[in-house]
Amino acid sequence: MQQLHVNQPFPQDWIRMFTHLANLFFEQSKLVTEQADDTAIDLRFTEVYEESPSITADIQWQGTHYTSRFAEEVKETEEREQLRQRKRMYSHVLLDVLEQATGMNQEWGILTGIRPTKLYHMYRQDGHTIDEAKQLLQQRHRVSVRKSELIAEIADVQLNALPDLYSLKEEVSIYIGIPFCPTKCAYCTFPAYAIHRKSGRVETFLDGLHEEMRAIGKWLKEHDIRITTIYFGGGTPTSIEADEMDALYQTMMESFPYMEHVREVTVEAGRPDTITVPKLEVLKKWGIDRISVNPQSYTDETLKAIGRHHTVQETIDKYWLSREQGMRNINMDLIIGLPNEGLEEFEHSLAETEKMQPESLTIHTLSFKRASEMTRNKDKYQVADRETVGKMMTRGEEWSRDNGYIPYYLYRQKNILGNLENVGYSKPGEESLYNILIMEEAQTIIGLGCGASSKFMEPATGKLTQFHNPKEPGAYIVGFEEAIDKKIAYLEELFPSSETIK
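Quick look at the structure, then. Note that this is a predicted model, so its numbers are computed, not measured.

Let's talk about the sheet that holds strand β3 (residues 41-49)
Strand order in the open sheet made by the five strands is β2-β1-β3-β4-β5, with mixed pairing throughout. What marks the edges here is a single partner per strand, and that holds for β2 (29-32) and β5 (64-71). Between one strand axis and the next, the sheet turns by 20° as a mean value, whatever way the strands run. Bridge count between strand β1 (residues 2-6) and β2: four bridges; the pairing is parallel. The partner of Gln 2 across the bridge, within β2, is Ser 29.

Focus on the pattern of salt bridges
Throughout the structure, instances matching the rule amount to 32 salt bridges. Glu 421 is the salt-bridge partner of Lys 147, the closest N and O atoms lying 2.8 Å from each other. One end of the pair, Lys 147, is in helix α5 (residues 145-161); the other, Glu 421, is in the loop between β14 (406-411) and β15 (422-426), with 274 residues separating them in the sequence. For the residue pair Lys 147 and Glu 421, the accessibility class agrees, reading buried in each case. The salt bridge partner of Asp 273 is Arg 271, with a shortest N-O separation of 3.5 Å. Exposure remark for Asp 273: the relative accessible area of 23% places this residue in the partly exposed category. If you follow the salt bridges from partner to partner, you end up with Arg 115, Lys 118, Glu 441 and Lys 455 in one network.

Calculation notes
Residues numbered from 1 in each chain as written. Predicted model: local features only at pLDDT ≥ 70, side-chain atom pairs only at ≥ 80, totals over all residues. Heavy atoms only, no water. Pairing = 2+ DSSP bridges. Helix = DSSP H or I, 4+ residues; strand = E, 2+ residues; numbered from the N terminus. Axes fitted to C-alpha atoms, helices over the stretch in contact; angles between N-to-C directions. Salt bridge = Lys/Arg side-chain N within 4 Å of Asp/Glu carboxyl O. Buried < 20%, exposed > 50% of the residue type's maximum accessible area, 1.4 Å probe, protein only.

So this is what it looks like as structure tokens:
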């Protein structure tokens, strides 16, 4: 635990901001205003207002003094925007002095949020040119030239895939969460429960999900709202039986409006051990040909260590089986930094992926999520160091370009190894539209099923309101009707009917 002793009190949201930045350099950090231990960093801020405001940060650590000053003209008049600017300026100088003190360079600058591309899109919608938007990322947020170029490239691909990305606020997308998996992976915090049939909770959950789909579909039909994309996630949606999948897709087709105009339906079949011919036949029956078959790693020892009860060969076999059964668009996931894996193991995973050439490949960087088994038992799971993880990410970028893939979406997470990112690559024209929409928060996403998160977007302002369905199947079964009512109430506010307006 690295302590930072600050010379003045700050509000709690400022303390969180400083802590997030300090955690980029230290595994754990804590800001204190009272007596600190001998190893603490002594941190002092000075704020001066002359022609333009400036912030100076000074730290004393391990017998050395470091300082940084940043000034920026105040153009905003709203108090909230001025506060946001002050926070950004404080973040600038804190990041700079910590980079000086540790010798570490943070390519994402002061950005600790999940969606850096959303910030770029915002600048573009405000009328800035591509070059101006990149400069703003570099100057206001200390993002490196390399990362700002990556963001601009991704945004361009997104706008080619969805030319109306900025004007889809009057439509919605649907996320349907199936909370069951064969086993729970050690790094996972998604609502995922080992599937057991004896308790009857699978069947009862599905009964509730059908009701939720019908109720939301009925409301959308009555209000003439179109659906852009539908995404079955989880858990693993292919954990349930083929006849149960069939019934769900039938309810989808019967309940949701304008299904002929839905641009994309995706089903995660992420665990190869859940993929069977009957399930693939059901997908094909309903015209669904976008799935995920996720290896995560092509090393059997790694799969055992993280709790995935399938082999590398099973991943390969199920990929080709899916192809034979007509799956036209297959995504695969790899995770950088899994236990006991380095550059050699990652090269092997890339070489195996190259043999299959899936339409898209998402390269994740391992994130130590607070509730995961891996985070609770870090000593048990030895992972790669920052330098190695960085080399693996760079190698993934090179491999993707060499194999004809382009980056099309990007997101980041707290406690992610090497302060890196997760990047989705695809063959040109094969981008997942849902992934773009959810990452750029471009429209309302209605979450159905266990643990599903809804994001309700005010079409005029872009303001987001979140609502979460219960995570545990038993709680969902008890509370899904109340969740339906609350979601419809949110939707009524966003999309009032003509009678309501009158």
